[in-house]
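Read off the chains here:
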Amino acid sequence: MNSMKATELKNLVDSGSYKPDPSRVATAMLRRRGVRELLIGAAAGAADRSHGSAQLRHRAA
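Since the model is a prediction, treat every value here as computed from it, not as a measurement. For every chain, the first residue of its written sequence is number 1, and the numbers climb from 1 along that sequence. Given that this is a predicted model, residues contribute local features only at a pLDDT of at least 70 and side-chain atom pairs are listed and counted only at 80 or more, while totals for whole chains, interfaces and linings are drawn from all residues. Calculated side-chain values reflect all of the structure's heavy atoms, with hydrogen atoms and water omitted.

**Q** Can you walk me through the overall build of the chain in this structure?
**A** Check the secondary structure of the chain and you find four helices and zero strands. Shown N-terminal to C-terminal, the secondary structure of the chain runs as helices and strands in the order α-α-α-α. Between buried and exposed lies partly exposed: a residue is buried under 20% and exposed over 50% of the maximum accessible area for its type, with that area taken using a 1.4 Å probe on protein chains only. Within the span of the chain, comprising 61 residues, buried residues form 3% of the whole. Areas reported as accessible are Shrake-Rupley estimates using a 1.4 Å probe. Residue values count occlusion only from the protein chains shown. Surface exposure of the chain reaches about 5,700 Å², of which carbon and sulfur atoms provide 58%. Secondary structure counts use DSSP, requiring at least four H or I residues in a row for a helix and at least two E residues in a row for a strand, with both numbered from the N terminus.

Quick look at the structure:
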């Protein structure tokens, strides 16, 4: 993994030249608890609208 100074990264971002690897972005996002909770909540919301929502609510209780 290449590391760079914060100023180098800031300059790349500011100029629009920073193109991060999508898999590394996803990995970094999933390390954050808030993002995981957001995704789990979104998945639970979609499950409530599906046919098996009663089973999911029963299991969660």
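**Q** What is the right way to read the pattern of salt bridges from this model?
**A** Oppositely charged side chains can form a pair if their charged atoms are brought close together. Salt bridges are identified by distance alone: a Lys or Arg side-chain nitrogen within 4 Å of an Asp or Glu carboxyl oxygen. Scanning all chains against the criterion turns up two salt bridges. Linking Asp-14 and Lys-10 is a salt bridge whose minimum nitrogen-to-oxygen distance equals 2.7 Å. In this pair, Asp-14 and Lys-10 both sit in helix α1 (residues 6-15), four residues apart, roughly one turn of the helix. Glu-37 serves as the salt-bridge partner of Arg-33, at 2.8 Å between the closest nitrogen and oxygen. One end of the pair, Arg-33, and the other, Glu-37, are both in helix α3 (residues 33-48), four residues apart, so they sit about a helical turn from each other. Using a relative accessible area of 44% as the deciding quantity, one classes Glu-37 as partly exposed.

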